[in-house]
Amino acid sequence: HLQDNPKAFNLYGDLSVMHYHNGSYNKALSAAAKLREAVPGPGTSLHYFNLKALCLVDSGGNLDEALEAAERALHMTKKGSPDRPSIEDTIGWVHFHRQEYDKAADYIEGALKKIPFANRLAAFELKYHLGMVRLKQGNPKEASKLLHWVAKGSQKNRFVLLAQKAIAEHGL
């Protein structure tokens, strides 16, 4: 049983995130669903709904359904939870894609204030998201500052590459 094997438990969680970051959204949701079925509870449900929202947004899916999934994940977290900033960022990213830029900024800025300094990957993601919001809000100077910070990352993760692409496309 998965719940009796912590390594397998972590494997499905890591696998779902890896598939998401590689753009394999169906595989990501499948791994998260397997984890949720095997180990029912708020932690695995929260992960599933947050990931579902991200997969829907990034694959061009239904934005109303994405917002509903992200809000469901948010309602499962307590204030001060280490998961909360990630979920707030997801809600902000959904609002960005719904062209609700002020709402997007509010959620993403709130999330940025709450992430631990040591969590560099989260900082890359949140600053990339906020940089894109600032572009849409007509603030290229702040967008450039945020996106250049991300683009200078030594880790060649998805957000470093996305920031570099945005800088080139928008002449920042």
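A few points on the structure. For clarity, every value in this text was computed on a predicted model and none was experimentally measured. Each chain has its residues counted from 1, following the order in which its sequence is written. The predicted origin of the model limits local features to residues at a pLDDT of at least 70 and limits the giving and counting of side-chain atom pairs to 80 or more, whereas totals for whole chains, interfaces and linings rest on all residues. Excluded from the side-chain calculation are hydrogens and water; included are all heavy atoms of the structure.

## A few points about the environment of Gln137
The secondary structure listing takes helices from DSSP runs of H or I that are at least 4 residues long and strands from runs of E that are at least 2 residues long, numbered from the N terminus. Its location among the elements puts Gln137 in the loop between helix H7 (120-136) and helix H8 (140-151). Buried residues are those whose accessible area, probed at 1.4 Å on protein chains only, stays under 20% of the maximum for their type, while exposed residues exceed 50% and partly exposed ones sit between those limits. Exposure remark for Gln137: the relative accessible area of 29% places this residue in the partly exposed category. For the pair formed by Gln137 and Asp14, sequence separation is 123 residues and the distance between their alpha carbons is 34 Å. Those residues in contact with Gln137 that sit more than four places away from it in its chain are Tyr101, Asp102 and Ala105. Pairs of residues are marked as contacts when any of their non-hydrogen atoms sit within 4.5 Å.

## Some thoughts on the side chain of Thr90
Tracing the backbone shows Thr90 in helix H5 (residues 84-97). Within 3.5 Å is the distance limit for a polar contact, defined as a pair of N or O atoms, with the added protein rule that one can donate a hydrogen and the other accept it, and that residues adjacent in sequence qualify only through two side-chain atoms. At 2.7 Å, the side chain of Thr90 and the side chain of Asn50 are in polar contact. Beyond its immediate chain neighbours, meaning those up to four positions away, Thr90 contacts Asn50, Ala53, Leu54 and Ala70.

## Comments concerning the environment of Trp149
The residue Trp149 is located in helix H8 in this model. Linking Trp149 and Phe124, residues 25 residues apart in sequence, is a C-alpha distance of 8.2 Å.

## Overview of the side chain of Lys52
Tracing the backbone through its elements, the reader meets Lys52 in helix H3 (residues 42-58). There is a polar contact of 3.4 Å between the side chain of Lys52 and the side chain of Glu65. Excluding anything up to four places from it in sequence, Lys52 contacts Leu29, Glu65 and Ala69.

## Concerning the nonpolar core
The nonpolar side chains of a soluble globular protein tend to be buried, and buried together. For the purposes of this section, nonpolar cores are sets of buried Ala, Val, Leu, Ile, Met, Phe, Trp, Tyr and Cys residues that join through side-chain atoms within 4.5 Å. Core analysis: the largest hydrophobic core is formed by 44 residues, its most contacted members being Tyr20, Trp93, Phe96, Tyr128, Met132, Val133 and Leu147. Going through the elements one at a time, helix H2 (25-38), H3, helix H4 (63-75), H5, helix H6 (101-114), H7, H8 and helix H9 (158-170) are the ones with two or more residues in this core. When residues in this core are grouped by element, the largest group, 9 residues, is from H3. With residues up to four places along the chain from it excluded, the contact list for Trp93 reads Leu54, Val57, Asp58, Ile108, Tyr128, His129 and Met132. Listed in part, the 5 residues of the second largest apolar core include Ile115, Ala122, Ala123 and Leu126.

## Thoughts on H3
Take the number of residues in a helix, subtract one, and multiply by 1.5 Å to get its expected span. Between the first and last C-alpha of H3 there are 24 Å, a value that for 17 residues agrees with the 24 Å anticipated at 1.5 Å per step. With 13 of its 17 residues buried, H3 lies for the most part within the structure. Backbone geometry just downstream of H3 places Gly60 in the positive-phi region, at approximately 75°.

## Some points on the environment of Glu65
As for its position among the elements, Glu65 is in helix H4. Residues Glu65 and Leu35 lie 30 residues apart in sequence; the distance between their C-alpha atoms is 21 Å. In contact with Glu65, not counting residues within four places along its chain, are Lys52 and Leu56.

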